[in-house]
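One letter stands for each residue in the lines below.
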Amino acid sequence: MVFDYATLKLLWWFIILALFIVFCMLGGRDFGVSILLPWVSDSDDERRVVINSIGSTWEANQVWFITFAAAIFAAWPIVYATSFTALYAALFLVLFTLIIRPPGIEYRSKLPSKAWRQTWDCALFLSGIVPALILGVALGNIFLGLPFHFDDNLMPHYEGGFIQLLNPFSILFGLASISILAFHGSIFLQKKLPAEYGERLKKFHILFGWGFIVLFVLIGMWIVWGVNGYHIDAMLDVNHAMNPPQKQVSVVLQGWLSNYHQYPALWVLPVVTVLAVILAMIAALNVASTLAWLLSALSLVAALLTASAALFPFILPSLTHPQHSITLWDGTSSHRTLQYMFWAVVIFLPLIVAYSSWVFSVLSGKLNKEDLKRVESY
Amino acid sequence: MLDDSIVQLSRLQFAITALYHFIFVPLTLGLAFILAIMESVYVLTGKEIYKDMTRFWGKLFGINFAMGVATGLTMEFQFGTNWAYYSYFVGDIFGVPLAIEGLMAFFLESTFIGLFFFGWDKLSKAQHLAVTWLVAIGSNLSAMWILIANAWMQHPIGAYFNYETMRMELGSFADLFFNPVAQVKFVHTVAAGYVTGAIFVLGISSYYLLKQRDVAFARRSFAVAAGFGLASALSVIVLGDASGYTVGEVQKVKLAAIEAEWETAKPPAGLTIFGIPNQKEKRVDYAVRIPYVLGLIATRSIDEPILGLNELVAQNENKIRLGIKAHALLEQIKTSTTPDPNLIAEFDKIKDNLGYALLLKRYQPNLPAATEDEIKLAASHTIPQVTPLFWTFRIMVGLGFLMLFLFIGAFYFNIKGKLHERKWLLRWALYSIPLPWIAAECGWVVAEYGRQPWAIGEILPTYMGVSSISHSQVLSSLAGLIVFYSILLVVELYLMIKYAKLGPSTLGTKRYFFEQ
């Protein structure tokens with residue numbers, strides 16, 4: 001074995017985070033476009049142009065989410081088992097909206113009926129806003145801790161309900177998530193669509209850009225002054241196989257800031273998040289669309305890293321049984337599985353990046369109403 | 001104690017979502033290659049009609065593909081939502097093929113599918129052809145990894161129980177990958193997909209020929225489908241036979257249940273082609289048997305016996321007793337801070353029977369207190385219900401042969417060149433469109449129902465795999481999925497039939513029937 005167990009555990013935390021970040025940059029863009037769909041286009045042709053702006057690439061983007069989930073299954077099976085049980089209703093809500101997404105894009109323009117198309121537009125809107133909201137709410141609840149524990153066989157038991165996930169703190173997360181993805185989608189549409197859309201999109205850049213900044217700062221203040229964080233007091237050797245209940249954990253106010261206290265350089269992350277959004281807005285309003293898109297992507301990356309750096313090394317904190325919280329040290333697969341999967345990632349991820357880049361470059365360029373005359377367009 | 005209705009509802013949900021998903025998968029697998037073949041002919045000959053064929057059948061492919069993606073999502077997530085203990089217990093192994101499927105196959109397929117539709121005038125002919133082949137290869141590789149995962153549930157090799165983490169862990173990646181069940185399952189399943197794609201194209205082309213429209217287009221499509229379908233139908237049957245041999249080797253209970261063999265017959269065993277299984281009396285009423293054939297298929301010999309269910313149940317009873325011992329040793333190991341190496345050595349010797357102890361827990365949660373009757377009861381439940389397996393298997397095989405004859409006829413008369421005079425053949429092809437789907441769904445029932453009572457063969461009983469969730473949660477997700485999927489299926493079928501009826505006129509090339 002080339003890497004020791006502890007190194008692989010750490011590498012897998014980065015790999016799964018990377019999969020999620022790329023998903024948010026690409027798939028999140030598609031959610032954002034779906035959220036904006038009813039508001040940035042009036043006539044049917046205009047709507048079709050918006051749908052076609054993501055029509056050729058959204059499938060590939062969604063695979064980042066599916067691979068993210070599959071990677072959690074393989075590398076963090078206990079996280080997969082616990083979080084999906086705990087978030088049962090929330091996850092099915094996401095699934096239902098994601099299920100209507102492929103037929104929404106593919107079937108909408110296949111029949112001329114107005115009612116038919118309006119129904120699918122509504123479905124597409126939901127398939128953007130609901131997952132964006134729930135992913136944010138889920139992240140918020142991770143900060144608060146989910147009420148779960150393990151029995152002797154390490155079977156996870158969830159003690160809460162769906163409604164308690166919708167607490168004010170987590171709803172702020174959900175709104176922040178909607179804002180930044182809508183912002184990201186809005187910036188993308190400006191880059192992809194003709195200038196007449198750009199005028200209409202300006203107000204969405206401002207609304208969602210500033211909306212996100214306000215929510216981001218509010219959440220940050222709430223975490224600093226009002227949310228308990230978790231701290232590992234004692235644990236077995238990180239190079240050893242271990243189960244979540246085998247460690248000692250304490251719950252402390254400002255616990256989520258301990259990494260920031262220890263490594264003050266991390267404060268760069270939230271600062272970059274806010275700056276990138278502001279600069280993206282400025283670039284977009286000055287029609288530097290590509291630069292705006294890059295900055296908007298940067299703000300997403302920085303925002304997710306801000307949250308991850310706070311939670312590290314926790315993956316799923318338990319509200320009711322803090323010592324059962326899952327961390328990247330005790331929630332992983334065996335050494336052998338992490339090793340094999342690591343090499344699978346090393347081989348395939350560069351390939352995916354290479355051919356995706358080629359496909360994206362072939363499909364790049366502005367869209368307009370002329371493109372709707374092609375038989376394959378949606 | 002686990003609530004049994006949650007187990008039943010979760011099983012029902014899994015079965016329904018899997019069967020729905022598999023309405024769309026086989027057509028994707030088969031049609032992708034048919035598109036690649038059609039486009040290859042286009043690139044090689046430069047004949048525009050083959051491009052039209054690729055684009056038109058590609059349109060129908062797209063309608064189907066969207067639903068395949070939509071229904072596949074649920075499959076990926078419901079192991080965690082509804083089968084949490086399963087996910088924890090075997091995620092170390094089972095998650096591996098699923099994650100590699102994403103990285104190696106699903107990305108490939110999904111990235112290039114967009115370019116397939118939108119790249120016609122952005123790519124050179126050769127580039128576009130390469131894209132089409134990559135979609136076909138991606139979707140088939142995807143099937144391969146999923147079937148490796150499924151094969152491991154049927155025949156879990158290359159894994160061991162780790163008492164420190166209380167779960168199964170990966171022992172050998174090569175064993176997981178080269179699982180003999182995975183190999184036959186993969187080729188059998190994708191070949192069944194090719195048959196589905198071929199019947200789909202054959203049937204719809206026959207419809208155009210019967211209506212005498214777009215004849216040149218339909219005849220060429222018919223020819224591609226007949227050739228591809230004949231080769232595929234032959235492989236499904238030959239490889240289905242290979243599966244029979246593998247099942248005979250490693251899943252003896254499933255084989256005996258499919259054949260409703262209660263007693264171990266004197267070798268070589270006969271193949272029951274018809275009969276009414278009677279589980280209560282443990283026999284087959286009105287059985288019609290062909291001597292020797294089953295023995296030949298399942299053991300490739302005339303002197304090896306095929307164990308009957310009664311004998312297998314007796315063997316399993318013994319495994320339950322060993323399982324109780326293994327479980328007691330495990331309890332001792334778990335409670336001691338530094339376990340005695342002798343204890344571990346002793347445990348290692350019999351730990352393969354641990355799953356049988358878990359099976360007994362359903363009838364007696366406190367294993368040391370298990371009575372003889374409870375052990376016998378648990379043993380009698382180590383085999384699945386025979387009747388559904390017996391019938392679904394026979395429907396699948398019967399339809400397989402029916403489709404083979406259709407392809408032989410289609411291939412023969414296509415070469416003779418008098419298709420338009422063979423209205424009966426064209427009608428037969430048209431009405432055969434539903435058959436591959438019925439056969440494929442039956443095939444999955446045989447594979448998965450035949451695995452019961454195990455989620456992971458002889459390791460984890462199905463009832464133990466479920467999440468600790470409430471009745472109302474499963475009921476609402478189940479109801480939601482049924483309603484959603486059913487509405488979407490109706491919509492999909494409506495669009496599919498509408499576009500199939502319109503035919504290549506939907507391409508807007510001004511060359512086809514409704515545009516003239």
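Predicted model only: the values in this text are computed from it and were never measured.

## Structural notes on the overall build of chain A
Within chain A, the secondary structure is distributed over 13 helices and 6 strands. Relative to the compact-globule value of 21 Å for 378 residues, chain A shows a C-alpha radius of gyration of 21 Å, a close match. For chain A, with 378 residues in total, the buried portion stands at 53%. Considering only intrachain contacts with a sequence separation of at least 6, the fraction spanning at least 24 residues in chain A is 79%.

## A look at the overall build of chain B
Within chain B one finds 17 helices and 6 strands. At 25 Å, chain B has a C-alpha radius of gyration in line with the 24 Å of a compact globule built from 516 residues. Each principal axis of the C-alpha distribution contributes one length, and for chain B these read about 80 × 50 × 40 Å. Here chain B holds 516 residues, and the buried ones make up 54% of them. For chain B, long-range pairs separated by at least 24 residues make up 76% of all intrachain contacts whose partners lie at least 6 apart in sequence.

## Considerations on the interface of chain A and chain B
With 57 residues of chain A at the contact, the number on the chain B side is 59 residues. Among the elements of the structure, helix H3 (58-75), helix H4 (77-86), helix H5 (88-99), helix H6 (101-107), strand S2 (156-158) and helix H13 (335-362) of chain A are those that each provide at least two residues to the side of chain A that touches chain B. Looking at which element gives the most residues to the side of chain A that touches chain B, the answer is H13 of chain A, with 13 residues. Class assignment for the residues of the side of chain A that touches chain B results in 41 nonpolar, 11 polar and 5 charged.

## Comments concerning the domain arrangement of chain B
When the domains of chain B are assigned, the result is domain 1 (4-251 + 384-505), domain 2 (265-299) and domain 3 (309-380). For domain 2 of chain B and domain 3 of chain B, the distance between their C-alpha centres works out to 33 Å.

## Things to note about helix H10 (residues 309-335) of chain B
Between the first and last C-alpha of H10 of chain B there are 38 Å, a value that for 27 residues agrees with the 39 Å anticipated at 1.5 Å per step. Taken together, the buried positions of H10 of chain B are occupied by Leu309, Leu312, Asn316, Lys319, Ile320, Gly323, Ile324, Ala326, His327 and Leu329 of chain B.

## Some thoughts on the packing of helix H14 (residues 386-416) of chain B against helix H16 (residues 435-449) of chain B
Residues and elements named next belong to chain B. One can describe the packing of H14 onto H16 by two numbers: an axis separation of 8 Å at closest approach and a directional angle of 145 degrees. In this structure, H14 crosses over H16, and the sense of that crossing is left-handed. Note on element contacts: H16 touches H14 through Leu435, Pro436, Ile438, Ala439, Cys442, Gly443, Val445, Val446 and Tyr449, opposite Pro388, Leu389, Thr392, Phe393, Ile395, Met396, Leu399, Gly400, Leu402 and Met403. Considered class by class, the residues forming the contact of H14 with H16 number 16 nonpolar, 3 polar and no charged.

## Looking at the nonpolar core
Counting 284 residues, the largest nonpolar core has Ile16, Phe68, Ala71 and Ile72 of chain A together with Ile34, Trp57 and Ala99 of chain B as its most contacted members. Among the elements that line this core, the one with the most residues is helix H3 (residues 84-118) of chain B, at 24 residues. Here this core spans two domains, and each of domain 1 (4-251 + 384-505) and domain 2 (265-299) of chain B adds at least three residues to it. When near neighbours in sequence (up to four residues on either side) are disregarded, Ala71 of chain A contacts Ile15, Ile16 and Leu19 of chain A together with Ala99 of chain B. By size, the runner-up hydrophobic cluster in this structure holds 14 residues, among which are Ile324, Phe347, Tyr356 and Ala357 of chain B.

## What to know about unusual backbone geometry
The linkage connecting Phe312 of chain A with the following residue, Pro313 of chain A, adopts the cis geometry, with an omega of 0 degrees. If you check the backbone angles, Gln254 of chain A has positive phi at about 65 degrees while not being a glycine. Locating Gln254 of chain A in the fold gives a position in the loop between strand S4 (248-253) and helix H10 (258-262). Residue Gln254 of chain A is classed as partly exposed on the basis of its C-beta count, with 15 C-beta atoms lying within 10 Å. Residue Lys282 of chain B is not a glycine yet carries a positive backbone phi of 55 degrees. Here Lys282 of chain B is to be found in the loop between strand S3 (271-278) and strand S4 (283-290).

## Examining the environment of Pro270 of chain A
Residue and element names in this part refer to chain A. Within the fold, Pro270 resides in helix H11 (residues 268-285). Judged by the 20 C-beta atoms lying within 10 Å of it, Pro270 is buried. For the pair Pro270 and Gln248, spaced 22 residues apart in sequence, the C-alpha to C-alpha distance is 30 Å. Those residues within four positions of Pro270 in sequence are excluded, and the remaining contacts are Gly220 and Thr306.

## Considerations on the packing of helix H7 (residues 114-144) of chain A against helix H8 (residues 168-192) of chain A
Any two packed helices are characterised by the angle at which their axes cross and by the distance between the axes. Residue and element names in this part refer to chain A. Orientation of H7 relative to H8, taken along the N-to-C sense of each, is 135 degrees, at an axis distance of 7 Å. One finds that H7 runs oblique with respect to H8. H8 is crossed by H7, and the crossing has right-handed handedness. Listed contacts from H8 to Ile129, Ala132, Leu133, Ile134, Leu135, Gly136, Val137, Leu139, Gly140, Asn141 and Leu144 of H7 are Phe169, Ser170, Ile171, Leu172, Phe173, Gly174, Ala176, Ser177, Ile178 and Leu181. Its residues assigned to classes, the contact of H7 with H8 comprises 15 nonpolar, 6 polar and no charged.

## Concerning the pairing of strand S2 (residues 167-170) of chain B
On a regular strand, one side chain projects to one face of the sheet and the next to the other, so that they alternate. Residues and elements named next belong to chain B. Neither face of S2 is open: one carries Arg167 and Glu169, the other Met168 and Leu170, and all of them are buried. Pairing of strand S1 (residues 159-162) with S2 involves 4 bridges; the strand directions are antiparallel. Bridge assignment links Tyr160 to a residue of S2, and that residue is Glu169. The turn joining S1 and S2, which pair antiparallel and follow one another in sequence, is formed by 4 residues; a positive phi near 60 degrees is taken by Met166.

## Re H14 of chain B
Taking 1.5 Å of rise per residue, the 31 residues of H14 of chain B would be expected to cover 45 Å, and the 46 Å separating its terminal C-alpha atoms lies within 8% of that figure. Immediately beyond the C-terminal end of H14 of chain B, within one or two residues, lies Gly417 of chain B, with a positive phi of roughly 80 degrees.

## As for the confidence of the model for chain B
Per-residue pLDDT for chain B has a mean of 91; in total, 99% of the residues score no lower than 70. Scoring of the predicted complex yields 0.94 for pTM and 0.93 for ipTM.

## Notes on the environment of Tyr245 of chain B
All names here are of chain B. Mapped onto the secondary structure, Tyr245 falls in helix H7 (residues 215-250). A count of 16 C-beta atoms within 10 Å places Tyr245 in the partly exposed class. A C-alpha to C-alpha distance of 9.6 Å links Tyr245 and Leu294, two positions 49 residues apart in sequence. In contact with Tyr245, not counting residues within four places along its chain, are Ile297, Ala298 and Arg300.

About the cut-offs
Residues numbered from 1 in each chain as written. Chains lettered and ligands numbered in written order. Predicted model: local features only at pLDDT ≥ 70, side-chain atom pairs only at ≥ 80, totals over all residues. Helix = DSSP H or I, 4+ residues; strand = E, 2+ residues; numbered from the N terminus. Rg over C-alpha atoms; globule rule 2.2 N^0.38 Å. Buried ≥ 20, exposed ≤ 12 C-beta atoms within 10 Å, placed from the backbone. Contact = placed C-beta atoms within 7 Å. Nonpolar A, V, L, I, M, F, W, Y, C, P; charged D, E, K, R; others polar. Domains from an automatic or database assignment. Expected span 1.5 Å × (residues − 1). Axes fitted to C-alpha atoms, helices over the stretch in contact; angles between N-to-C directions. Left-handed = near helix turned anticlockwise from the far one by under 90°. Core = buried A, V, L, I, M, F, W, Y, C linked by C-beta atoms within 7 Å. Parallel < 35°, antiparallel > 145°, perpendicular 65-115°, else oblique. Pairing = 2+ DSSP bridges. pLDDT = per-residue confidence, 0-100.

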